[in-house]
Amino acid sequence: MSPPGGEPQRVTRFAPSPTGELHLGNARTALFNLLLARSAGGRFLLRIEDTDAERSLDSHTTALMADLRWLGIDWDAGPDREDERGPYRQSQRGALYARQFAVLERQEVVYPCFCTPLELELSRRAQLAAGKPPRYAGTCRDLTPAGRAHRQAQGSAATLRFRVPRGERVRFEDFVHGPQSFLSDDIGDFVVRRADGSAAFFFSNAVDDACMGVTQALRGEDHLTNTPRQLLILAALGLAPPAYGHVALIVGADGAPLSKRHAAVSVREYRARGYQPLALANHLFRLGHSTPLHGLLGLEEMARAFDTAHLGRAPARFDEQQLLVWQKDAVHSLSPQAARAWLAPLLPAGLDAHATDAFIDALLPNVVLPEDARPWVDIVFGGPPPLGAAGEQLVREAGAGYFAAAAAAAAASGNDLPAIAGAVREATGRKGAALYMPLRVALTGREHGPELAPLLRAMPAGKARERLARFA
RNA sequence: GCUCCCUUCGUCUAGAGGCCCAGGACAUAGCCCUCUCAAGGCUGUAACACGGGUUCGAAUCCCGUAGGGAGCGCCA
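About the criteria used
- What you see as residue numbers is a count from 1 along each chain, following the sequence as written.
- All chains are assigned letters beginning with A, and all ligands numbers beginning with 1, in the order in which they are written.
- Local features in this predicted model are restricted to residues whose pLDDT is 70 or higher, and side-chain atom pairs enter the listing and the counts only when it is 80 or higher, whereas totals over whole chains, interfaces and linings include all residues.
- Side-chain descriptors were evaluated using all non-hydrogen atoms of the structure, hydrogens and water having been removed beforehand.
- Definition of nearness: a residue and a molecule or strand are near each other if at least one heavy atom of the residue lies within 4 Å of the molecule or strand.
- Definition of a polar contact: a pair of N or O atoms within 3.5 Å, with one able to donate and the other able to accept a hydrogen when the atoms are protein atoms, and with sequence-neighbouring residues admitted only if both atoms are side-chain atoms.
- Put simply, DSSP marks the helices as runs of H or I at least four residues long and the strands as runs of E at least two long, and each gets a number from the N terminus on.
- Side-chain classes are defined by residue name, with Ala, Val, Leu, Ile, Met, Phe, Trp, Tyr, Cys and Pro counting as nonpolar, Asp, Glu, Lys and Arg as charged, and the others, Gly among them, as polar.
- The criterion used for residue contact is that any of the two residues' heavy atoms lie within 4.5 Å.
- Whether a residue is buried, partly exposed or exposed follows from its accessible area with a 1.4 Å probe, protein chains only, as a fraction of its type maximum: under 20%, in between, or over 50%, in that order.
- Paired strands are those between which DSSP finds at least two bridges.
- The angle between two axes is taken between their N-to-C directions and runs from 0 to 180 degrees, where each axis is a line fitted to C-alpha atoms and a helix contributes only its stretch in contact.
- Pairing of aromatic side chains here covers Phe, Tyr and the six-membered ring of Trp, requires ring centres within 6.5 Å, and sorts the geometry by plane angle: under 30 degrees stacked, over 60 edge-to-face, intermediate tilted.
- Here the term cavity refers to a set of points on a 1 Å grid, laid over the protein atoms alone, in which a 1.4 Å probe fits but cannot get out; the term pocket refers to an open set having protein on both sides within 12 Å along at least five of seven lines, with lining residues being those that place an atom within 4 Å of a point.
- Grid points are joined across faces, edges and corners, and a volume is the space filled by probe spheres set on the points.

Caption draft 1: The protein's contact with RNA strand B, seen in detail. The immediate surroundings of RNA strand B are formed by 65 residues, with Gly-131, Arg-194, Arg-286, Asn-366 and His-448 found nearest. Considering RNA strand B, the proportion of its atoms within 4 Å of the protein that are sugar or phosphate atoms stands at 73%. Pro-134 is positioned with one of its backbone polar atoms (N or O) 2.4 Å from a phosphate oxygen of RNA strand B. Within the side chain of Lys-328, a nitrogen or oxygen atom sits 3.1 Å from a phosphate oxygen of RNA strand B. Top element by residues in the surface near RNA strand B is helix H17 (residues 432-444). It accounts for five residues. Among the residues making up the surface near RNA strand B, the classes are represented as 24 nonpolar, 21 polar and 20 charged.

Here it is in structure tokens:
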């Protein structure tokens, strides 16, 4: 696994739980971990944390993987690409967890807890009301063997709790935040195995990272204060923990946690709205991470430029305006084939390749999202567009002679703008805006839009003449 | 409530005691180019949350205040 003489190969992972759509924050975490691995020629794993059978859905896993790949994020090993460190679905790792639970039980660093959810909730509320931290009260911590046997005989289902040592300090080096130190007294005994026998997050997440050889776990800051628990578990198990790093969360424009109130929060939605994957990736890449590089970057360039030293510790605001800028860049740099695929759903059925290309050629520099192109489909391929009041005025002012010359030139040349404009200039002596604006308005119904010459080339033959002749 | 994290232009950020009366990118404003829009070129506006220290010197170190966030779950 390790390159000869070098450091052990870097291994990172993205470990989502399939309880919903891929959230922007998670997408960024996935991207950062991919980049972190790739920047060192390492491996990137996808692990599905579906220990909560109630909320985990297989369809979510499928969608999650599709959205990641859409973004350009692919993994070296995962649920659909198993290897000897797998399985990569936690729901299939029960046997492995059972062995580790047994180790913990043997060392008596865990104990069965018979408290019911209701009792725990009451206790929490009472503590909160008394102005105390809502931690597990330790009711079952010192149950005698006889007491335990008694409860078990009664058939009470028990969770397994980790016996957090008192009066200790848990220290670790966060590779984003630097040295961290927590007092174990502030940590309540926590559940490592649920009453139904399934592994709880703190446990399975930490154990899997260790067993899968993860060297760096880069995750959201919401996990920062949980890290000591995981370190405690791993230490008890004698497993080497990964290095942990925590990036600040993404927040909305007002600085509050990013929610549907602010913007679309799932990759799905941006995808559905016609955003380019590279645009989203570039935006996420610079959210909480900085690079001296400018412009739209490919994934390989991002990997080369990725640097944990430049991960932010302060929350980054998700600014949709900025995303739009990247989107514009991404759209403008689309290959002809990609552009065709992007706008295909909007185009009239049966449009031939030549016409399609001409249309896209004309429109692409002026659109950011597919919806921007939609009205132009009608303008170019539909009937004569109605003019607004200002348009009518411009046309009237230009006069019938102007349009007679234009229509004649259009009939003679096809949809050739230089020929049409030349003829009108000759006939009227107009130039500049006075020459072109009436043409634009008569042809498109609008005063603004893509360049006229390519737009005319995209128009079906005869359309230009027909529209100009209306005012002759 | 307790613990932890955070705070530099509108936004993303550079900045590890003098190189900073704070640099870049995007946004924005003006001008140029131009048939409109977009693109492009040039020029500009714009920030160290606040208060105390330490130091010859602080955006940078320390303490406090304010504001934001997270965790304290049989969610992850």
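Caption draft 2: Representation of the environment of Met-212. Structurally, Met-212 is set in the loop between helix H6 (201-211) and strand E8 (216-220). With 112 residues separating them along the chain, Met-212 and Leu-324 place their C-alpha atoms 38 Å apart. Sequence-distant contacts of Met-212, that is, excluding residues within four places in its chain, are made with Val-11, Leu-45, Arg-47, Arg-85, Pro-87, Tyr-88 and Arg-93.

Caption draft 3: The arrangement of H6 in detail. In terms of residue burial, H6 counts as a mostly covered element, since nine of its 11 residues are buried. Three or more residues of H6 are buried, namely Phe-202, Phe-203, Ser-204, Asn-205, Ala-206, Val-207, Asp-208, Asp-209 and Ala-210. Each element contacted by the buried residues of H6 is listed here: strand E1 (11-14), helix H3 (94-106), strand E7 (191-193), E8, helix H7 (227-237) and strand E9 (243-247). Just beyond H6, the residue with positive phi is Gly-213, at close to 75 degrees.

Caption draft 4: Seen up close, the sheet that holds E7. Across the sheet, three strands lie side by side as E3-E4-E7; this open sheet has antiparallel pairing. The open sheet terminates on both sides in strands that have one partner only, identified here as strand E3 (110-113) and E7. Along the sheet, successive strands turn relative to each other by an average axial angle of 45 degrees, direction set aside. In terms of strand pairing, strand E4 (residues 159-162) meets E7 through two bridges, oriented antiparallel. Note on E7: the bridge partner recorded for Leu-160 is Arg-193. Against the sheet, H3 touches E3, E4 and E7, its axis set at about 130 degrees to E7.

Caption draft 5: Spotlight on the packing of aromatic side chains. Under the counting rule described, the total for this entry stands at 12 aromatic pairs. Plain terms: the ring middles of Phe-101 and Phe-203 are 4.2 Å apart, the flat faces sit at 15 degrees to each other, and that makes the pair stacked. Taken together, the residues Phe-101 in helix H3 and Phe-203 in helix H6 connect sequence positions 102 residues apart. Classification of Phe-203 by relative accessible area gives buried; the value is 0%. Judged by centre distance (6.0 Å) and plane angle (55 degrees), the rings of Tyr-270 and Phe-318 are tilted. A residue pair is termed long-range when its members are at least 10 positions apart, and Tyr-270 in helix H8 (residues 267-272) and Phe-318 in the loop between strand E11 (316-317) and helix H11 (320-332) qualify at 48 residues.

Caption draft 6: How the structure looks around the layout of surface pockets. Estimates place the volume of the largest pocket at around 860 Å³. Around the largest pocket, the lining comprises 34 residues; the ones closest to its centre are Ala-15, Ser-17, Asn-26, Asp-222 and His-223. Across the lining of the largest pocket, the residue classes tally to 12 nonpolar, 13 polar and nine charged. Taken as a whole, the second largest pocket spans an internal volume of roughly 160 Å³. Only helix H4 (117-129) and E4 provide two or more residues apiece to the lining of the second largest pocket. Taken together, the residues of the lining of the second largest pocket sort by class into eight nonpolar, two polar and two charged.

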